[in-house]
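Descriptive analysis of the structure
Listed below are the residues making up each chain.
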Amino acid sequence: MSNKEPAVSSEVLAPRQSLDLRDLVVRYGFIAVTVLFFTFFYLTIPAFRLSTTMFSMLKFTSVVAIAGLGVTVTMVVGGLDLSVGATSGMAVTVAAMTMVIYAQQGSVAIIAVLVAGALIGAFNALLIVVFKIPDLLATLATMFLIQGLKLIPVQGQSVSSGLILRDGSVAPGKFTTGFLHINRGSLGPVPYPVVIFAVLTIATWFFLSRTKWGRIMYAIGSNPEAARLAGARVGRYKALAYMISGVFAAVAGLILASRIGQGDISAGNSLLLDAVAVALVGTSVLGANKPNALGTALGAILIGILLTGTTMMNFPYYWQDVVKGLVLLIALVFSFTLSRKKHRHVAAVPL
Amino acid sequence: MATVVEMRGITMSFGTNEVLKGIDLELEAGKVTAVLGANGAGKSTLIKVLSGVHSSYGGTVLIDGTAVQLDYPTTARSHGIDAVHQKIADGVVPGLSVAENFLFEDIVNNDISRVASMRTIMPRARQVAAVLDLDWADDVLRSDIYGLPIADQQLLLLARALVHEPRLLILDEPTSALSETEAHRLFEVIRRLRDDGVAILYVSHRLREIDAIADRLIVLRDGVIRSDHPHPFDWAEALHQMLGEAEAVDEDVREELHGTDDVLCLTGVKLLPESEPFDLTLRSGEVTGVFGLLGSGGSELARGMFGADRFEEGEMTLLGASFSPREPADAIASEVYMVPEDRVAGTIIKDWSIAHTVTFPFLKEVSRFSVMDGRAEQRLGRSVIDEFDVVAQSSHDPVISLSGGNQQKVVVGRWLRKQPTVMILNEPFQGVDVGARRDLVVKTREVAAAGSAVIVMSTDLGEIMQVADRVLVLADGNLQHDAYLSETTREEILKRLTEVE
């Protein structure tokens, strides 16, 4: 009680210093690193300079980035959605089943997948808001649940055209051309997945930083009690965040399904860690020190550049995780070690 | 009686804030010495110095006439000083059995192996329990402490302290989590210890308890001992010393407002589990002040009216219609607003500017189709800065960078500017300098004069007498007094506070 006051005021009254080197590093360090690597690869690898390389890099990044945007929204409300990878994986299976086993159109598959994503988000929201289970634990349970559940109707098999069904007949449908076009098609030179990535990034950024809903979500993530006492209906916004995350993971799964062209049951397995990593990396971009959409997109792109560059330089595949780990580590150093701002959003996440 | 611990000129500062300003106190064996003091009087700091938590104190502590330096809790303990702190949850470890909790100190000191079997633990746990004659069954000792009643957890912590056979036992608000029956059990134990010659330092806000258990009463204010009373206590004097002189109120400029219209009616509201239900009507056009010591139910009253928590029992009507907010959002929709007592935990979003903080409860006003209008926000932020004389460079300043008084102006101002139907201000003057407090009082009274029903909770009678027209007295959740200031006196209010029915 009595000794609380000075502790607060000393932090509060700390003189605000002008931009010094440390602040510059925190603000622009991440972008500088991205530009540096880009320039390095651009100068040393001739193939890296092709615009097709750029687009294929962005296309390949889009799946992780879109799932990462969903994770970002849940981090904004102070949570973390661990079920995104499994949701994307389930989306692949749902899309394959709709088209191959039930011989439906691609558009039906898209709707089915988006609805499934929203339902998973709603289920997470139920566990977290109504059952009061901590976010990490609830979404972890959901992750296992849907990873297993998606295998039951397909009896653990990948779904592709020509699949022999339980009654001995051959599955009647196949991945429609239209559906496969999600991955192959492009708007001018820009592949559709990159278009979707760009649109969702801008939409998420707008939602989080320019609307009142985003404002309320940030408040909930920072101080839920203060948000509640100011009239925010905390439960509803948390639920909304997990629904958004579920739908985004489903969109990532759609692109993935279109890319592989079959209901690969292992699809999306590695997506969770990548998506969480880019969202975490995103918190450090521009010294924001809070989850934000542009940061997540930029984090995903940096990792994409590094993976493409190192692959082109003939680094073996197992270097990929080392690269991701280093990027995440550097981002965390920016956020936690160098930044003067208190890192409040992800600090409580025991990863 | 023999003096066990003697303090000479104890001082303690945090930064430039001097919390203890020279405490001279002798604690005698076989006596219960109670300490009374308002928030920030220095009680907690005094306890922490004695129990070795704050090592950088000034002055001397003598034990049996020999000067000692209390650098660590272990040093204090080795000199026979043991403390049971206020929060039971800080002392017990859920997930461990009751027996293991009895032996927790041995476990952390590695005197008992973590993998020790229950067979070795049980007899030693029973030894600790025997200090207080706690004859608990084996299956109780084996069960997780989580399931143990709070009072028993408190007794366990006490036993753990007593096992060192302390010469001085410090009890900090030991009954705050206990029911009345449970508290009586604790008192019996305290009386027995006293008769065995233990010196006891008893800190509490509950006057009735102090009256029942203490042999001597020390009143602390602003880091100084103001008075020292033998039993039976002169409560009027003790409270007078605790709460300070009546401050000069601008009687000449303020005219007492008497409200006319009933706005918020509470029926059969029960604030605390063991308090009596009461009815209360808040009227528009006056400021109702609720005076009570810490834990007397003021916060429960504020939070219940605002929908932040539920009353134990009771109903409300607002302007004649039934009013039962399930969430603060419901209350806000009915123009019932509250400023919570803990400014930092309850209102401040770190890094947010003044403008963001001001507009947060009313984002509709500063957005079009839910898209934020930055200019409108800054305009609104500036209007609160201007209207409430907030000392700040601009509405972009982070709220956290302001002084306590200016922070409070921002978080009070964001509601007052709306001319609320009911405005609940819980401890609005805590950590607020005199100038800012004056400004807030003036604004609060203006809003009431313009037709709001305003209710202010405070543990400081001076504040209540400065801001309120009508004063309510709460003690242990019971409504003891309800009168206009012109109809009552400071002495009457203090008398009602200590009245035991």
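What you see is a predicted model, and the numbers here were worked out from it, not measured in a lab.

Reading the values: the criteria
- Residues numbered from 1 in each chain as written.
- Chains lettered and ligands numbered in written order.
- Predicted model: local features only at pLDDT ≥ 70, side-chain atom pairs only at ≥ 80, totals over all residues.
- Heavy atoms only, no water.
- Domains from an automatic or database assignment.
- Contact = heavy atoms within 4.5 Å.
- Buried area = accessible area lost by both parts, 1.4 Å probe.
- Salt bridge = Lys/Arg side-chain N within 4 Å of Asp/Glu carboxyl O.
- Polar contact = N/O pair within 3.5 Å; in protein donor to acceptor, adjacent residues only side chain to side chain.
- Helix = DSSP H or I, 4+ residues; strand = E, 2+ residues; numbered from the N terminus.
- Nonpolar A, V, L, I, M, F, W, Y, C, P; charged D, E, K, R; others polar.
- pLDDT = per-residue confidence, 0-100.
- Buried < 20%, exposed > 50% of the residue type's maximum accessible area, 1.4 Å probe, protein only.
- Arc of directions from axis to C-beta.
- Pairing = 2+ DSSP bridges.
- Axes fitted to C-alpha atoms, helices over the stretch in contact; angles between N-to-C directions.
- Phe/Tyr/Trp six-rings, centres within 6.5 Å; stacked < 30°, edge-to-face > 60°.
- Lys NZ or Arg CZ within 6 Å of the ring centre and 35° of its normal.
- Right-handed = clockwise from strand over helix to strand, strands pointing away.
- Core = buried A, V, L, I, M, F, W, Y, C linked by side-chain atoms within 4.5 Å.

All names here are of chain B. Taken domain by domain, chain B comprises domain 1 (3-243) and domain 2 (262-335 + 418-498). A straight line from the C-alpha centre of domain 1 to that of domain 2 covers 34 Å. At the junction of the two partners, domain 1 supplies 13 residues and domain 2 supplies 13 residues. Regarding the contact of domain 1 and domain 2, the summed buried area is about 1200 Å², with carbon and sulfur atoms giving 58% of it. When the buried area of domain 1 at its contact with domain 2 is split by residue, Asn 39, His 205 and Leu 243 rank highest and sum to 42% of it. A salt bridge links Asp 476 to Arg 208; the shortest N-O distance between them is 3.1 Å. Applying the counting rule to domain 1 against domain 2 returns one residue pair in polar contact (both at pLDDT 80 or more). Elements supplying a minimum of two residues to the side of domain 1 that touches domain 2: helix H9 (207-213) and helix H10 (235-243). Of the residues forming the side of domain 1 that touches domain 2, the biggest block, six residues, is contributed by H10. Classifying every residue of the side of domain 1 that touches domain 2 gives six nonpolar, four polar and three charged.

All right, on to the confidence of the model for chain B then. The pLDDT averaged across chain B works out to 89; a share of 97% of its residues lies at or above 70. Taken element by element, chain B is modelled with least confidence in helix H4 (residues 104-108) of chain B, mean pLDDT 80, and with most confidence in strand S16 (residues 336-339) of chain B, mean pLDDT 98.

Time to look at helix H7 (residues 177-184) of chain A. Residues and elements named next belong to chain A. Listed as buried for H7 are Phe 179, Leu 180, Ile 182 and Asn 183. The buried residues of H7 all sit within an arc of 130 degrees when viewed along its axis, so they share a single face. Opposite the buried face of H7, by more than 90 degrees, sit the exposed residues Thr 177, Gly 178 and Arg 184. In this structure, the buried residues of H7 make contact with helix H3 (51-76), helix H4 (84-101), helix H5 (106-130), helix H8 (192-210) and helix H11 (234-260).

Further remarks concern the sheet that holds strand S19 (residues 422-426) of chain B. Residue and element names in this part refer to chain B. Strands sit in the order S16-S19-S20-S13-S21-S22 across an open sheet of six strands; the sheet is mixed. The two strands at the open ends of the sheet, each matched to only one other strand, are S16 and strand S22 (478-484). The mean angle between the axes of side-by-side strands here comes to 15 degrees, regardless of whether they run parallel or antiparallel. Sheet topology note: the S19/strand S20 (residues 453-458) ladder contains five bridges and is parallel. Residue pairing across strands places Val 422 opposite Ala 453, the latter belonging to S20. Where helix H19 (residues 490-498) meets the sheet, its contacts fall on strand S13 (286-291), strand S21 (470-475) and S22, and the angle it forms with S21 comes to roughly 25 degrees.

All names here are of chain B. The residue Tyr 72 is located in the loop between strand S5 (66-68) and helix H2 (73-78) in this model. Considered as a pair, Tyr 72 and Ile 170 are 98 residues apart in the sequence and their alpha carbons are 16 Å apart. If we skip the residues at most four places from it in the chain, Tyr 72 touches Ser 51 and Gly 52.

With 48 residues of chain B at the contact, the number on the chain A side is 28 residues. Where chain B abuts chain A, roughly 3100 Å² becomes buried across the two surfaces, and 58% of that area is made up of carbon and sulfur atoms. A per-residue breakdown of the area chain B buries against chain A is headed by B:Lys350, B:Phe360 and B:Ser370, which together make up 16% of the total. Our enumeration of links across chain B and chain A arrives at four salt bridges.

A few words on the sheet that holds strand S11 (residues 262-270) of chain B. All names here are of chain B. What the four strands build is an open sheet, ordered S12-S11-S14-S15; its pairing is antiparallel. Taken across any chain shown, the strands that pair with only one partner, and hence form the sheet edges, are strand S12 (278-283) and strand S15 (321-322). Sheet topology places S11 next to strand S14 (residues 313-318); five bridges connect them, and they run antiparallel. Bridge assignment links Leu 266 to a residue of S14, and that residue is Met 316. Packing against the sheet, helix H11 (residues 298-306) makes contact with S11, S12 and S14, and its axis sits at approximately 120 degrees to S11.

Turning our eyes to something else, we now look at the pattern of salt bridges. Per the counting criterion, the structure on display carries 34 salt bridges over all chains. Here B:Asp215 and B:Arg194 are joined by a salt bridge, their closest N and O atoms 3.2 Å apart. Highlighted residues: B:Asp215 in the loop between H9 and strand S9 (216-221) and B:Arg194 in helix H8 (residues 180-195), separated in sequence by 21 residues. Given the relative accessible area of 23%, B:Asp215 is considered partly exposed. The network of salt bridges with shared partners includes A:Glu225, A:Arg228, B:Arg303, B:Asp309 and B:Glu327.

Evaluation of the coordinates by the stated rule reveals 16 aromatic pairs over all chains. With centroids separated by 5.0 Å and ring planes inclined at 85 degrees, the aromatic side chains of B:Trp352 and B:Phe360 adopt a geometry described as edge-to-face. You can call B:Trp352 buried: its relative accessible area is 8%. Connected via pairs of aromatic rings, a cluster forms that spans A:Phe37, A:Phe38, A:Phe40, A:Phe41, A:Tyr42 and A:Phe48. The ring of A:Tyr218 is capped by A:Lys290, whose NZ or CZ atom sits 4.8 Å from the centre of that ring.

It is worth spelling out H10(B) at this point. Along H10(B), the positions that sit buried rather than exposed are B:Trp235, B:Ala238, B:Leu239, B:Gln241, B:Met242 and B:Leu243. After H10(B) finishes, the residue B:Gly244 shows a positive phi value of roughly 90 degrees.

A separate point is the pairing of S20(B). All names here are of chain B. The buried fraction of S20 amounts to six of the six residues, a majority that puts the element mostly inside the structure. With burial as the criterion, each face of S20 is covered, one bearing Ala 453, Ile 455 and Met 457 and the other bearing Val 454, Val 456 and Ser 458. Regarding topology, helix H17 (residues 434-449) serves as the crossover connection from S19 to the parallel S20, and that connection is right-handed.

A few words on the nonpolar core. Residues and elements named next belong to chain B. Counting residues in hydrophobic clusters, the biggest one holds 229 residues, and the most contacted among them are Phe 102, Leu 158, Leu 169, Leu 301, Met 305 and Ile 424. Both domain 1 (3-243) and domain 2 (262-335 + 418-498) contribute no fewer than three residues apiece to this core. Residue contacts for Leu 158: discarding those within four places in its chain leaves Val 84, Leu 132, Leu 169, Leu 171, Leu 186 and Val 189. The next biggest cluster of nonpolar side chains, apart from the first, holds 32 residues, and it includes Val 19, Leu 27, Leu 46 and Ile 63.

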